[in-house]
Amino acid sequence: MATTKAPKRSLVLQRRETVVSYLFLLPALFFFVGFVIYPMVMGVITSFTDASLANGGQGTFIGLSNYIRLFQDKIFWKSALNTIIIVVVSVPCVTAFSLWVGSAIYKMRSGARSFFRCVFYLPVVTGSVAVVVVWKWMYAKYDGLFNYLITAAGGDALPWTESATMAIWCVLIILFTTSIGQPIVLYVAALGNVDSSLVEAAQVDGATNLQVFWKIKWPSVMPTTLYVAIITTINSFQCFALIQLLTRGGPNYSTSTVMYLLYQIAFETEKNFGYADAMGVVLAIVIAIFSAVQFKVMNGGTTE
Amino acid sequence: MKKTKRFLALALALCLSVGLAACSNSSTPGGSSSPAADGGSGDASGKTKITWWAFPTFGVDSGYEQELADAFMAANDDVEIEVVTINFTDGPAQLTTAITSGTAPDLLFDAPGRIIEYGNAGYLADMNDLFTDEFKADVNNEGLLSSCQGRDGTYYMYPISSSPFYMGLNLEMLEASGAIDYVNLEGDRTWTTDNFVKMCETLRDSGVATVPGIVYCGGSGGDQGTRALVNNLYSSTIVSDGKWNVDANGVKALELLQSMVSEGALDVGNSMVASDELQNFQKEICAMTFCFGTSNEVSYAPIDDAYTQVAVPFPSDDGVPELEYLVNGFCVFDNGDQAKIDASKRFIQFICDDPTWGPKSVVKTNAFPVRTSFGDLYEGDEHMALLASWTQYYGPYYNTLDNFATMRNEWFNLLQRVLAGGDAAAEAETFNTNANTVTTG
Amino acid sequence: MNKSRVTPYMVVAAVILIALAIFFIFPLYWIVTGAVKTQSDIIIKAGETVKWFPTVISWDNFARLFKSQTSLFGAQMPMAIRWLINSVFISVASMILTCISASLAGYALAKKRFWGRALIFSLFVAAMALPKQVILIPLLSEMSALNLVSSPWSVVFPVVGWPFGVFLMKQFSENIPTSLLEAARIDGAGELRTFFSVAFPIIKPGFGALAIFTFINAWNEYPLQLVMLQSNESKTIALGIAGLQAEMSTDYGLIMAGAALAAVPIIIVFLCFQKYFTQGITMGAVKG
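Note that the coordinates shown come from a computational prediction; the quantities given were computed from them, not determined experimentally.

What follows deals with helix α5 (residues 117–128) of chain C. Owing to its 3.6 residues per turn, the α-helix aligns residues three or four sequence positions apart on the same side. Residues and elements named next belong to chain C. The terminal C-alpha atoms of α5, which comprises 12 residues, lie 17 Å apart, in line with the 16 Å expected from a rise of 1.5 Å per residue. Buried within α5 we find I120, L123, F124, A127 and M128. The buried side chains of α5 occupy one side of the element, clustering within an arc of 140° when seen end-on.

What follows is the structure, given as structure tokens:
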């Protein structure tokens, strides 16, 4: 470590600094250990038991049974697949789209720029519940706005959230509108920071706009892109209110995600806490791997 | 070197968190006993405070729960009652969280399905003392009494009223489309599957409604309606030998619904539960509802007399329906405080057996009293007389069978799969397997 | 700024942007207008024209929304307003606690050398991406042991425990020149005084970012609220609307009134502090 190169300090000083540091850390550690680490450990322990509502949450140790069941559970795999679809579709769409909007508006006059930035950020501020209830009405099969417009234009009404194939796209559209606000703000800032002398020099050399974008702008907004990818990934994994209020995981589990299934198993259907916790543990491991990889990539990208 | 250090640190952190876990574990008994102590003596006024959670069985937003609580508190100044109303969509999950977290209400107004599940799991106070010989003799109905009992025969629910589930039709739409020809409005209004199909087809062809009817299957809310529909069409049952089982006739009924949906004679509501379907019925988007009952026909009554609602039993191939029925009743959670249990029981008796409030409460549920001594509370009401005539068609009560909650979850998923075009026989087989898998201890 | 010529691409881009803006604003417009429409204006039926604008402004939906009453500190108020107050309380309390605990911890992690620093930091980072729902069940039993179920703190504490704030404030604290800290120490300033007089002014911009993030996070922390806040009085406005949606799923006027109540105040706050929001988000990311 770099610190070993510093002149050796006296042990007393070192000890004092350690004590002081932990005093500074105390409030944060209290909440972190008490309300994140501790429940996490408890969750891991419960996942090896058969705790459920029927036995008052006081399960007995059943080894890996919950995990074995998990890997044989078709509904779990279906939900896992839906989760992956949501992440895999939304991350590139949100990233590409917000980059495009960002580059389209960052050169605008500040009034227009903040107008657009504001418009795209509004659904984030509003909160997913308020957004979902109005979308639910627009999607409604019999008295929804979309079907009204379609039939008024002479088309056939669509089933929207009623259809196992369309429902997940309905979820994705809402997720999209609540996800792109923040990335756009970030890209506008990042593009504004691109060294304009480089851009001008390239234009003098006769580079096209597209070339300027790929050769100069794209590399310099790379750190932002990675950051956007990470927050969008986390957001997509966490998508819960949307599903609970819009489709309740249906039709036929076509919009069920691991997160939602976990909630259902714990509180609605089986009330099986051990099994739900096992699901949580597996999900946590997957997300941890995901973010570790992204964090590594990001750190690699920003080393100066 | 660096690695060992990191490993050591990790081990330490683990010890730290496990240590913490152990600490709070050992303190749990103290923690769980404190709320009880709190309720018993914490209140400066010395009142016993009880919490009452009520599903909207007295009607949505009627305020009657509070009225009852106020009346009881006026007569018993040692008890304080907090009323919490919950709904059928979120309420069940709320109950689970509350029970899990040790914050269950003291009193719950519900039906046997959930109550017996909680009772069997040991969360409820037994009600054996309320089931006196006088009460049993007054009820005089073995089936009904046994629906209040847990696996071991303990009484967990004190019943107040019961009523059948049936279908609702929109009279004006039937007349406008001509589908009225297939509906029997004479006598006890029983009718056949053939006529039901023809009615739906006529409604579809006339286009008076956006859709004739909706087989809702987006969740378990109000699923007794769709189960009754399926079971009546070809007189099938859902239970055989104490196991959940969709039989060959059930499969036939599912196939019929499947073909009706694919031909547009019915629609499927994959993201709807009964309350959604009922609201669509109320807004005249569909011409029938499969989830009518004494309370729903009041809660979802026509606005400004926009149409006339007609109650009919479920259609069946032999014209003899087998109706599901609702039993409304109360249970008391054992939250470790005998004073609260006693106060809750007193309040229950006030609601159900008080000479003035008892009959009034029954009428508020818009159902028939379980106590025969209450007599005919709806004298001269033709509609209630019709409903009373259907009690002879009550089918077996299965809501207290083990795995009921799991079965309900499997049921709406079965409908979703079949109505999306799945093979009815194979899907029913999946249902029969999954619904009987005991997944919880 | 050099103004380039108007190219066809720019025209197309402008058209797409405006179309998108309408698409994004429309749901909001529909909430606000739906909330003040009469029942007859709200109905959408094939063959009848949709009322894009309310023909008359009616407060009937709000009257129905505010029908259920409750009291708070002796003051009588509609239940829905109580929900709104709960939401604000939870968000503000999370914001304050997070700002305090995260800035102290971030400062220590960035500027102090002590045993266990690397480990604690990696633990914080590892936990950062984890969705809270994963620990929902154990958290619920913990809260019930602490007697905190249906208390706003049951949502506040886990939000404060989430390590993103610490991470963010650590990045900001890296900017504090060590020489300044040394100088303060030589002058004989105590640890806390050094923090407040030297470190605090430098990391102050980070506060804005963190405060905004935490506020929005707590406001939108739906699953945690759903499980923890069980009594009617303890609900947040988001839970309240979700309940309306479950009970009266097609009473759109009522639901829109609830959604408007949830959305409009926070949008006003956002519009007033728009500049800080943008700065905060940008700084959070550039530093992150």
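Read on for the rest.
The next thing to look at is the interface of chain A and chain C. If you look at the interface, chain A gives 75 residues, while chain C gives 72 residues. The leading source of residues in the side of chain A that touches chain C is helix α1 (residues 11–46) of chain A, at 19 residues. Its residues placed into classes, the side of chain A that touches chain C shows 52 nonpolar, 19 polar and four charged.

Turning to the pairing of strand β4 (residues 158–170) of chain B, a few remarks are in order. All names here are of chain B. Across the 13 residues that make up β4, a large majority, 13, are buried. Here β4 pairs with strand β12 (residues 368–369) via two bridges, running antiparallel. Among the inter-strand pairings, S162 is bridged to a residue of β12, identified as F368. Two strands pair when backbone bridges link them, and β4 and strand β9 (residues 288–293) are joined in this way by four bridges, in the antiparallel orientation. Residue pairing for β9: G168 is matched across the bridge by T289. As defined by bridge partners, β4 adjoins strand β10 (residues 309–312) across four bridges and the pair is classed as antiparallel.

Residue and element names in this part refer to chain B. Chain-level pLDDT for chain B is 83 on average; 88% of the residues reach the 70-or-more range. Element-level pLDDT for chain B is lowest in helix α1 (residues 2–42), with a mean of 37, against a maximum mean of 94 in strand β5 (residues 214–216). Ignoring residues within four places in sequence, the model shows residues 1–43, a span with pLDDT below 50, making 35 contacts including any to other chains.

Take the environment of I203 of chain C next. Residue and element names in this part refer to chain C. Tracing the backbone shows I203 in helix α10 (residues 191–219). Along the primary structure I203 and C272 are separated by 69 residues, whereas in three dimensions their C-alpha atoms are 23 Å apart. With near-sequence residues (within four places) excluded, I203 lies in contact with S103, M169, F172 and S173.

Our next topic: the domain arrangement of chain B. Residue and element names in this part refer to chain B. The assigned domain composition of chain B is domain 1 (46–163 + 326–388) and domain 2 (164–324 + 400–436). Centre-to-centre separation of domain 1 and domain 2, based on C-alpha positions: 29 Å. With 17 residues of domain 1 at the interface, the matching set in domain 2 holds 15 residues. When contributions to the side of domain 1 that touches domain 2 are tallied by element, the ones reaching two or more residues are α4 (112–120) and α15 (382–389). Among the elements that line the side of domain 1 that touches domain 2, the one with the most residues is α4, at four residues. Taken together, the residues that form the side of domain 1 that touches domain 2 break down as eight nonpolar, eight polar and one charged.

Between two packed helices, what matters for the description is the angle formed by their axes and the separation of those axes. Residue and element names in this part refer to chain A. In the contact formed by helix α4 (residues 110–126) and helix α8 (residues 181–192), the axes pass within 7 Å of each other and the chain directions differ by 150°. Considering their axes alone, α4 and α8 lie roughly antiparallel with respect to each other. The segment α4 lies against α8, with R113, R117, F120, Y121, P123 and V124 engaging G181, Q182, I184, V185 and V188. Counted by class, the contact of α4 with α8 contains seven nonpolar, two polar and two charged residues.

A few words now on the confidence of the model for chain C. Residues and elements named next belong to chain C. Residues of chain C with pLDDT of at least 70 account for 96%, and the chain-wide mean is 83. Element-level mean pLDDT values for chain C span from 68 in helix α14 (residues 274–287) up to 92 in helix α7 (residues 153–161). Taken over the whole predicted complex, pTM reads 0.81, whereas the ipTM for its chain interfaces reads 0.85.

Reading guide: rules and limits
- Residues numbered from 1 in each chain as written.
- Chains lettered and ligands numbered in written order.
- Predicted model: local features only at pLDDT ≥ 70, side-chain atom pairs only at ≥ 80, totals over all residues.
- Helix = DSSP H or I, 4+ residues; strand = E, 2+ residues; numbered from the N terminus.
- Expected span 1.5 Å × (residues − 1).
- Buried ≥ 20, exposed ≤ 12 C-beta atoms within 10 Å, placed from the backbone.
- Arc of directions from axis to C-beta.
- Contact = placed C-beta atoms within 7 Å.
- Nonpolar A, V, L, I, M, F, W, Y, C, P; charged D, E, K, R; others polar.
- Pairing = 2+ DSSP bridges.
- pLDDT = per-residue confidence, 0-100.
- Domains from an automatic or database assignment.
- Axes fitted to C-alpha atoms, helices over the stretch in contact; angles between N-to-C directions.
- Parallel < 35°, antiparallel > 145°, perpendicular 65-115°, else oblique.

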